[in-house]
Amino acid sequence: MGLFSRRDKAPKAAADDQPALSSSQSKTSLTSASSSIVINTSSRIINRTSAGTTSTAGPGTPLTPFSPTMNSALPKVDMPRPPDPQLDPAGYLRSIGAVRERCQIVWSKALKNDLRHFDVDMAKFPDVVSFVANIIKRDYDAPFASIPSHGRYQHFGVGGRDRIAHLLATWPEDMVDNTEKCKRMLDLFLVSVLLDAGAGTKWSYKSVENGRVYRRSEGIAVASLDMFKAGLFSGNPANKYQVDKEGLQQLTVEKLAQGLQSKPGNEMAGLEGRAQLLIRLGEALGNKEYFGEDGRPGNMLDHILSHPSTQASSVIIVPLPVLWNVLMDGLAPIWPPSRTAINGVSLGDAWPCSSMPQPAQSPTSPTFSPFPNTTGQSNGIAPWESILPFHKLTQWLTYSLMQPMQSIMKIQFAGQELMTGLPEYRNGGLFIDMGVLTLKPEDQERGLQHYAEYCQRTGIKAVEVAPMFEPSDDVIVEWRGVTVGFLDQLHMEVNRALKAELAGGELSLPQILEAGSWKGGREIAEVSRPNTKEPPILIDSDGTVF
């Protein structure tokens, strides 16, 4: 059985690739701040993927090595401490440990209904817990051990076809060993994740393989796989199944548009930003320490295995910060130069936020420009303290790249608890659509005005009007910060709600993300805004954040 296969007492034939939602058959009614949301969480769905689609594995589907596995108990591994923010604020804000620590400040304000841009109704939080727990019970059999960790791999299986297993099966074991297979998966997954920002409402992708049409994250996954198999990202004539610096440096907006089937009437949002991101990735792959002589993302495997912190005995154990530092340091050149910086060091996905402690000279407008290059203190508060780090794409990469290394190379990663829930619009939208968060009127008005201007600028017809902001806007930064805290709280409370079914076990945060919050955010968006299926707050994205 592949990852997408699960048994049910009453198997159903696979439907077309449509979300299994039916308000007319619903037995669960949940009330949001603005309307009564009715969604089906009672019927059992066979072979349901993270995309919210039904699927069945066809005959002859190869056995996939990417099976959900529960880590055995690892020996104690001391994690390196993050840099001291007073001595190295940029290093601290770029560390994985800083994300949860700093987001807890915004979350604690939310618990007191003291956010700047949102009203908070914690009385609605139990509704979110019940909603997510019911989705998990609907889609998986107790004790839920078959739930995979959140990762890019699941998106490649949209429609019930395990495309990764099929691809792996085409490489003979006597010609392509496990190390090379893992490297190829790392190459593919990294590029696919970097392309995985919001695609917009107009874009779809017709599969080269079966002619079916896919959208959103799954569409981008299938498109990236087709481009990978065609050799678009490879500069090596002897191996088209790789990503390397030469291949990416030859990439153009036009080539990427062709690969994504982006054209008038089917435009991919933020196409140029995505292309530039991959071109800059080609430059970053020149770092031989991480990516080897031929500049392949997959060569990070050699660096990780040879790292002095890696323990290799009967089981290979890698401290998670080893992988994290490869991605943060090795990929640092890919982020746009306009991003927040301290003393000339780009912080990546980290932004000033008015809900954080503020030095006296900090700006108070709702939209911040990149942070000034200074580390001096004012009124006892250092400037770095006003910055909120997320590193969403890096975390999404970390979750996703661990999958092939765990499954193919049997590597265990210690310190996975340092990772957080992903602060993106599906997870965050769940809390808005369920009524826990409500955008304040003045921000709602400003966001609607932005959306009107966006529609006028792009020629897009407004179907279901929603407030829109740029990724750097203080509304978005605060929303993302509180989302990280709420996901931790949701993780704890869903485990409590499913205690009887778990029979002494516990779901990890990545399992909650995969089987509950991300899927729940998408499904409730489909019910709340059935025409566009967009989140409750729109992002005017450049294709490099969401």
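Keep in mind that this is a model prediction, so the values were computed, not measured. (Residues numbered from 1 in each chain as written. Predicted model: local features only at pLDDT ≥ 70, side-chain atom pairs only at ≥ 80, totals over all residues. Heavy atoms only, no water.)

S.K.: In this structure, what is going on with unusual backbone geometry? I would like to understand it.
M.R.: Residues apart from glycine generally show negative phi values, whereas peptide bonds are mostly found in trans. The omega torsion across A142 and P143 is 5°, close enough to zero to call that bond cis. A positive phi angle is found at R216, which is not glycine, with a value near 55°. Here R216 lies in helix α6 (residues 216-229). Its identity is not glycine, yet Q261 carries a phi of approximately 60°, on the positive side. Structurally, Q261 is set in the loop between α8 (253-260) and α9 (271-284). Among the residues examined, Q261 registers a relative accessible area of 23% and is labelled partly exposed. (Helix = DSSP H or I, 4+ residues; strand = E, 2+ residues; numbered from the N terminus. Buried < 20%, exposed > 50% of the residue type's maximum accessible area, 1.4 Å probe, protein only.)

S.K.: Explanation requested: the sheet that holds strand β12 (residues 411-414) in the structure shown.
M.R.: Spatially, the three strands line up as an open sheet ordered β6-β7-β12, and their pairing is mixed. The open sheet is flanked by β6 (311-312) and β12, the only strands paired with a single partner. On top of the sheet, helix α12 (residues 320-330) reaches β7 (316-319) and β12; it is set at about 55° to β7, its chief contact. (Pairing = 2+ DSSP bridges. Contact = heavy atoms within 4.5 Å. Axes fitted to C-alpha atoms, helices over the stretch in contact; angles between N-to-C directions.)

S.K.: Is there a simple way to think about helix α5 (residues 178-195) in this case?
M.R.: In an α-helix, one turn spans 3.6 residues, which is why side chains three or four residues apart end up on the same side. Between the first and last C-alpha of α5 there are 26 Å, a value that for 18 residues agrees with the 26 Å anticipated at 1.5 Å per step. Buried residues dominate α5, accounting for 16 of its 18 residues. (Expected span 1.5 Å × (residues − 1).)

S.K.: I tried to follow the packing of helix α16 (residues 474-497) against helix α18 (residues 509-528) on my own but got confused; where do I start?
M.R.: Between α16 and α18, the least distance of the axes is 10 Å, while the angle of their chain directions is 90°. It follows that α16 is roughly perpendicular to α18 by the angle criterion. Packed against α16, whose contacting residues are L487, D488, L490, H491 and V494, the element α18 presents L509, I512, L513 and S517 at the interface. (Parallel < 35°, antiparallel > 145°, perpendicular 65-115°, else oblique.)

S.K.: Help me out: how do you make sense of the pattern of salt bridges in this one?
M.R.: Side-chain pairs of opposite charge can arise whenever the charged atoms involved come near each other. For the structure shown, the criterion picks out 22 salt bridges. The closest approach of N and O atoms between D488 and R100, which form a salt bridge, is 2.7 Å. Taken as a pair, D488 in helix α16 and R100 in helix α2 (residues 96-111) lie far apart in primary sequence, 388 residues in all. Look at R100 and you get buried, because its relative accessible area is 19%. Close ionic contact of R480 with D349 constitutes a salt bridge, the shortest N to O distance being 2.7 Å. Taken together, the residues R480 in helix α16 and D349 in the loop between β9 (345-346) and β10 (350-352) connect sequence positions 131 residues apart. (Salt bridge = Lys/Arg side-chain N within 4 Å of Asp/Glu carboxyl O.)

S.K.: Could you clarify how one ought to interpret the nonpolar core in this entry?
M.R.: Nonpolar side chains in soluble globular proteins generally cluster together in the buried interior. Of all hydrophobic cores here, the largest spans 127 residues; its most connected members are I136, L278, L281, M300, M405, L437 and L490. With ten residues, the next largest nonpolar core counts I342, L347, A350 and W384 among its residues. (Core = buried A, V, L, I, M, F, W, Y, C linked by side-chain atoms within 4.5 Å.)

S.K.: Looking at this structure, how should I read the environment of E272?
M.R.: Position of E272 relative to the elements: it lies in helix α9. Relative accessible area serves as the criterion here: at 53%, E272 is assigned to the exposed category. E272 sits 20 residues away from T252 along the chain, and the two C-alpha atoms are 9.0 Å apart.

S.K.: Honestly, the confidence of the model for the protein in this entry has me stumped. Any pointers?
M.R.: Keep in mind that low pLDDT regions are not for reading the predicted coordinates in detail. Summarising the model, the protein shows a mean pLDDT of 84, and 82% of its residues fall at 70 or more. Under a pLDDT of 50 for its full length, residues 1-36 has, in the predicted model, 96 contacts with residues more than four places off or in other chains. Below a pLDDT of 50 lies the segment residues 363-375, which in the model reaches 37 contacts outside its immediate sequence neighbourhood of four places, other chains included. (pLDDT = per-residue confidence, 0-100.)

S.K.: How should the pairing of β7 be read in this particular structure?
M.R.: Regular strands show a simple pattern: their side chains alternate between the two faces of the sheet. Sheet topology places β6 next to β7; two bridges connect them, and they run antiparallel. Opposite Q311, over in β7, you have I317 as the bridge partner. Here β6 folds back onto β7 in antiparallel fashion, the turn holding three residues. Looking at chain direction, β7 and β12 are connected through four bridges and run parallel. Note that in β12 the partner of V318 across the bridge is F413.

S.K.: How should the side chain of Q395 be read in this particular structure?
M.R.: Looking at where Q395 falls in the secondary structure, it is placed in helix α13 (residues 392-408). For Q395, a relative accessible area of 0% corresponds to the buried category. With residues near it in sequence (within four places) discarded, Q395 still touches I96, V99, W324, F390, M419, T420, G421 and L422.

S.K.: Can you walk me through the packing of aromatic side chains in this structure?
M.R.: Between two aromatic rings, the relevant description is the distance of the centres plus the angle of the planes. Taken as a whole, this structure holds nine aromatic pairs when the rule is applied. Ring centres of F125 and F486 lie 5.5 Å apart, and the angle between their planes is 55°; on these two criteria the pair is classed as tilted. You can see F125 sitting in helix α3 (residues 125-139) and its partner F486 sitting in helix α16, a full 361 residues away along the chain. Neither F125 nor F486 differs from the other in exposure class; each is buried. Aromatic side chains W171 and Y241 sit 5.4 Å apart centroid to centroid with 65° between the ring planes, which places their arrangement in the edge-to-face category. (Phe/Tyr/Trp six-rings, centres within 6.5 Å; stacked < 30°, edge-to-face > 60°.)

S.K.: It is not clear to me how the environment of P89 should be interpreted in this structure. Could you clarify?
M.R.: You can see P89 is positioned in helix α1 (residues 89-93). When the C-alpha atoms of P89 and A382 are compared, they prove to be 9.3 Å apart, with 293 residues separating the residues in sequence.

S.K.: Quick question: what am I supposed to make of the environment of V484 here?
M.R.: Positionally, V484 belongs in helix α16. Judged by its relative accessible area of 1%, V484 is buried. Along the primary structure V484 and N427 are separated by 57 residues, whereas in three dimensions their C-alpha atoms are 8.9 Å apart. For V484, the residues in contact, after removing those within four places along its chain, are C103, T420, G421 and P423.

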